[in-house]
Amino acid sequence: MMNLTKIYGPVVYLQLGNVPAVVTDDPSFVKEILKKQDHVFASRPKNIASEYFTYRNKDIAFAPYGSHWRKMRKICTMELLTPKRLDYFQQGRIEEAQCLVRSIMEDHKLNKPINLRDKLGALSSNNLTRMLLGKRFFGPGNAGPEDAAEYKKMIYEAFSLVNSFNMADYLPFLRPLDLQGHERRMQKIMKRSDEIYEAILAEHRKRGRKGLNETNTFIDVLLSLPGENGQECLCDETIKAIIGDMVAAGTDTSSITSEWTLAELMQHPEIMHKVRNEIDGVVGYERVVEESDLDQFQYLRAVLKEVFRLHPVGAFLIPHVAIDDAEIAGRYHIPKNTRILINTYSLGRNPASWNRPLEFRPDRFLEKHVDLFDPEYRIVPFGAGRRGCPGASLGTSMVLLGLSRLIHSFEWSPPHGKSVKDIPMIQAFNSMILDEPLHLIATPRLKASLY
Ligand code: HEM
């Protein structure tokens, strides 16, 4: 599917079983869909995975366009991801970055290669669950190693099921057969994650309501807000769906991006050197990186854009759906209910937009400024418009803080007996993650008291 536009042109119409779909990787069409006619393409398709994981679309990311989505999106931006609340939880993110560095030091003392997928996964999970639930899942003071491993596996599996192709979504008569076994896996994950969220809800209810302010975790805020249609509170399923959305939307996205960044930097030592020089120049050697330093890391930000261009978190944005008949570029008729698949993978590699597109060259973003929300839609790492990612600023800060701490605190090298050429720079089948978890050796480079 990723190569269709190369063969047939910038807009391809497909009939996927019962479902009409349009695939595009052309910036001008993407602009038309996400900006000029954003209101027409702002809905989401129903599919089996979202039915399970979002309590029948009670969340934000998969909710169809309408009053429920509008209300939840408003809660998300006006009550949860507010600058004040994100500022308040900054201390937690700093502590998590320090825990990451310490746990790498422990592995270093044992002479162990570092499994960066595990470390970065723990970092983003803890960052999110501290803010959402007031709870860490990994490391000291956590929910217990077994709970953590189970929770991590669940998030990972749910994320991959949502992103994978399920035949029964397109040929509904196949659904009772569950030929790919997806639905059985979904039922199992959902049952267990529901038990976990029920227990967390009960625990927070028991503590009672406190005054609403920026120090509240997201779950406490959600428990305090009035519900829909004059209800006193939001219903439990809605709260669980929103929390599940944020965990799924914020965890793997951040850790996948950070893992690719380190893998690319290992392949390009001269770029790693420039990034480290930049961080050293701002921070020096007497303290560790703080969030307030991140604005000054212009080169690291260019590196991150280059990673988003070549390795977006999904090959496609979450599908959009036309809520009405539409016409794009004055010549393509798009019938109501058509699914719109924006191919971010080939958008970032489109030779019409990018010079030598397959080369990893962050400097291109310094020679010519391109924003993460690019007005020309040559990259759309966070989507755009009404359905654009509301966690973009938090996600960017989490990734930049984790990476800059790792690069400032350690020299990195391939495991003993291997070279950078042995790091397989290929993505997994059916997903955008590195095919194999990145393992590296860490050597501390700052004075001992900073670890
Ligand atoms: C590096 C980190 C992240 C990346 C790359 C990313 C990327 C994306 C993308 C591509 C979309 C789909 C946009 C579209 O369909 O047009 C999205 C949607 C969304 N993201 Fe993120 N995201 C990140 C972090 C986060 C975080 C930290 C949160 C919240 C805690 C979050 C919450 C959401 C939500 C709720 C949606 C659905 C919006 C809607 O449908 O109205 N994301 N994100």
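In this text, all values refer to a predicted model and were calculated from it rather than measured experimentally.

Side note on helix 2 (residues 27-36)
Alright, step 1. Counting buried positions along helix 2 yields 7 of 10 residues, so the element is predominantly enclosed.
Alright, step 2. Buried residues of helix 2: Pro-27, Phe-29, Val-30, Lys-31, Glu-32, Ile-33 and Leu-34, and no others.

Concerning the coordination of the iron atom of the ligand
Ideal geometry at a metal centre gives angles of 109.5 degrees when four donors are arranged tetrahedrally and 90 or 180 degrees when six donors are arranged octahedrally.
Alright, step 1. One donor from the polypeptide reaches the iron atom of the ligand: Cys-389 (SG), at 2.3 Å.
Alright, step 2. In this fold, Cys-389 is placed in the loop between helix 16 (364-367) and helix 17 (392-409).

What about the nonpolar core?
Alright, step 1. Leu-116 and Trp-412 are the most contacted members of the largest nonpolar core, which totals 55 residues.
Alright, step 2. The set of elements that each furnish at least two residues to this core consists of helix 6 (90-109), helix 7 (116-133), helix 12 (236-267), helix 13 (269-283), helix 14 (298-310), helix 17, strand 8 (410-413) and strand 9 (439-444).
Alright, step 3. What Trp-412 contacts, discounting residues up to four positions off in sequence, is Ile-104, Ile-114, Leu-116, Met-266, Met-272, Arg-276, Leu-406, Ile-407, Leu-440, Ile-441 and Ala-442.
Alright, step 4. Formed by 51 residues, the second largest nonpolar core is a distinct cluster that contains Ile-48, Ala-49, Phe-218 and Leu-223.

Here we look at the packing of aromatic side chains
Alright, step 1. In total, this model carries 9 aromatic pairs according to the counting rule given.
Alright, step 2. With a centroid separation of 5.4 Å and an interplanar angle of 80 degrees, the aromatic rings of Phe-29 and Tyr-332 are classed as edge-to-face. Note that Phe-29 is positioned in helix 2 and Tyr-332 in strand 6 (residues 332-334), a separation of 303 residues in sequence.
Alright, step 3. Under the relative-accessibility criterion, Tyr-332 is labelled partly exposed at 23%.
Alright, step 4. On the numbers, 5.6 Å between centres and 50 degrees between planes, the contact of Trp-354 with Phe-365 is tilted.

Topic: empty space enclosed by the protein
Alright, step 1. A complete count under the given rule lists 2 cavities of 30 Å³ or more for this structure.
Alright, step 2. Estimates place the volume of the largest cavity at around 40 Å³.
Alright, step 3. Lining the largest cavity are Leu-120, Leu-123, Ser-124, Asn-127, Ser-254, Ser-255, Ser-258, Met-398 and Val-399.
Alright, step 4. Where the lining of the largest cavity is concerned, the elements lending two or more residues are helix 7, helix 12 and helix 17.
Alright, step 5. Counting residues per element, the lining of the largest cavity draws most heavily on helix 7, at 4 residues.
Alright, step 6. Per-class residue counts for the lining of the largest cavity are 4 nonpolar, 5 polar and no charged.
Alright, step 7. The computed volume of the second largest cavity comes to approximately 40 Å³.
Alright, step 8. Looking at the second largest cavity, the residues that line it are Phe-308, Arg-309, Pro-312, Thr-344, Leu-347, Gly-348, Ile-379, Val-380 and Pro-381.
Alright, step 9. Of all the secondary structure elements, the ones that give two or more residues to the lining of the second largest cavity are helix 14 and helix 15 (344-347).
Alright, step 10. Residues that form the lining of the second largest cavity fall into these classes: 6 nonpolar, 2 polar and 1 charged.

Considering the sheet that holds strand 8
Alright, step 1. Spatially, 3-9-8 is the arrangement adopted by the 3 strands of the open sheet, whose pairing is antiparallel. The sheet is open, and its two borders are formed by strand 3 (114-115) and strand 8, each paired with just one other strand.
Alright, step 2. Looking at chain direction, strand 3 and strand 9 are connected through 2 bridges and run antiparallel. Bridging from a neighbouring strand, Ile-114 pairs with Leu-440 of strand 9.
Alright, step 3. Where helix 17 meets the sheet, it contacts strand 8 and strand 9, and its direction lies at approximately 90 degrees from that of strand 8.

Thoughts on the packing of helix 7 against helix 17
Alright, step 1. Orientation of helix 7 relative to helix 17, taken along the N-to-C sense of each, is 135 degrees, at an axis distance of 12 Å. Taken together, the axis directions place helix 7 and helix 17 in an arrangement best described as oblique. Our pair here, helix 7 against helix 17, has a crossing hand that is right-handed. Along its contact with helix 7, which presents Leu-116, Leu-120, Leu-123, Asn-127, Leu-128 and Met-131, the element helix 17 presents Leu-394, Met-398, Gly-402 and Leu-406.

Brief notes about the environment of Gly-395
Alright, step 1. For Gly-395, the location among the structural elements is in helix 17.
Alright, step 2. C-alpha separation for the pair Gly-395 and Gly-250, spaced 145 residues apart in sequence, amounts to 6.7 Å.

Let's talk about the pattern of salt bridges
Alright, step 1. Counted according to the given criterion, the structure contains 34 salt bridges.
Alright, step 2. Taking the shortest distance from any N to any O, the salt bridge between Glu-96 and Arg-130 comes out at 2.7 Å. Of the two residues, Glu-96 sits in helix 6 while Arg-130 sits in helix 7, which places them 34 residues apart along the sequence.
Alright, step 3. The class of Arg-130 is partly exposed, set by a relative accessible area of 21%.
Alright, step 4. Taken together, the shared-partner salt bridges in this structure form one network comprising Glu-95, Glu-96, Arg-130 and Arg-136.

A closer look at helix 13
Alright, step 1. Compared with the 21 Å implied by 1.5 Å per residue over 15 residues, the 21 Å span of helix 13 between its first and last C-alpha is a close match.
Alright, step 2. When helix 13 is considered as a whole, its buried residues turn out to be Ile-271, Met-272, Val-275, Arg-276, Glu-278, Ile-279, Asp-280 and Val-283.
Alright, step 3. Residues of helix 13 that are buried in the fold lie against helix 12, helix 14, helix 17 and strand 8.
Alright, step 4. With its phi angle positive at about 75 degrees, Gly-284 sits one or two positions after the end of helix 13.

What to know about the site of the ligand
Alright, step 1. Neighbouring the ligand are 27 residues; Arg-44, Trp-69, Arg-73, Arg-387 and Cys-389 lie closest to it.
Alright, step 2. Contacts to the ligand include Trp-69, whose side-chain N or O atom sits 2.9 Å from an oxygen atom.
Alright, step 3. At 2.9 Å, a side-chain N or O of Arg-387 approaches an oxygen atom of the ligand.
Alright, step 4. Mapped onto the shell around the ligand, the elements with two or more residues apiece are helix 4 (67-80), helix 12 and helix 17.
Alright, step 5. Here the element with the most residues in the shell around the ligand is helix 12; it accounts for 5 residues.
Alright, step 6. Across the shell around the ligand, the residue classes tally to 16 nonpolar, 8 polar and 3 charged.

So, how was this worked out
For every chain, the first residue of the written sequence is number 1, and numbering continues from 1 along that sequence. Local features in a predicted model are, by the rule used here, given only for residues with pLDDT of at least 70; side-chain atom pairs are given and counted only at 80 or more, and totals for whole chains, interfaces and linings are based on all residues. Processing note: side-chain calculations cover all non-hydrogen atoms of the structure and skip hydrogens and water entirely. Relative accessibility decides the category of a residue: with a 1.4 Å probe and only protein chains considered, values under 20% of the type maximum give buried, values over 50% give exposed, and everything between is partly exposed. Helix and strand definitions follow DSSP, with helices as H or I runs of at least four residues and strands as E runs of at least two, each counted in order from the N terminus. Any N, O or S atom lying within 2.8 Å of the metal counts as a donor, and for Na, K and Ca the limit rises to 3.2 Å; water is left out, so some sites can look incomplete. For this analysis, a nonpolar core means a set of buried residues of the types Ala, Val, Leu, Ile, Met, Phe, Trp, Tyr and Cys, connected via side-chain atoms within 4.5 Å. Contacts are assigned to residue pairs that have any heavy atoms within 4.5 Å of one another. The rule is short: rings of Phe, Tyr and Trp, with Trp giving its six-membered ring, pair when the centres are within 6.5 Å, and they are stacked under 30 degrees, edge-to-face over 60, tilted in between. Residues are said to line a cavity or pocket when one of their atoms sits within 4 Å of a point; the points come from a 1 Å grid over protein atoms alone, cavities being sets where a 1.4 Å probe fits but cannot get out and pockets being open sets with protein on both sides within 12 Å along at least five of seven lines. Grid points are joined across faces, edges and corners, and a volume is the space filled by probe spheres set on the points. Just so you know the grouping, Ala, Val, Leu, Ile, Met, Phe, Trp, Tyr, Cys and Pro go in nonpolar, Asp, Glu, Lys and Arg go in charged, and all remaining residues, Gly too, go in polar. Note on pairing: two strands pair once DSSP finds at least 2 bridges between them. Structural elements are reduced to axes, namely lines fitted to C-alpha atoms, with helices fitted over the stretch in contact, and the angle between N-to-C directions of any two is expressed from 0 to 180 degrees. An angle below 35 degrees is treated as roughly parallel, one above 145 as roughly antiparallel, one from 65 to 115 as roughly perpendicular, and anything else as oblique. Crossing handedness: left-handed means the near helix sits turned counterclockwise from the far one by under a right angle, and right-handed means the same turn made clockwise. One speaks of a salt bridge when a side-chain nitrogen belonging to Lys or Arg is within 4 Å of a carboxyl oxygen belonging to Asp or Glu. Multiplying 1.5 Å by the helix residue count minus one yields the expected span of that helix. We call a residue near a given molecule or strand whenever any one of its heavy atoms falls within 4 Å of it. Contacts described as polar in this section are N or O atom pairs within 3.5 Å, which, within protein, must combine one atom able to donate a hydrogen with one able to accept it, while residues neighboring in sequence count only if both atoms come from side chains.

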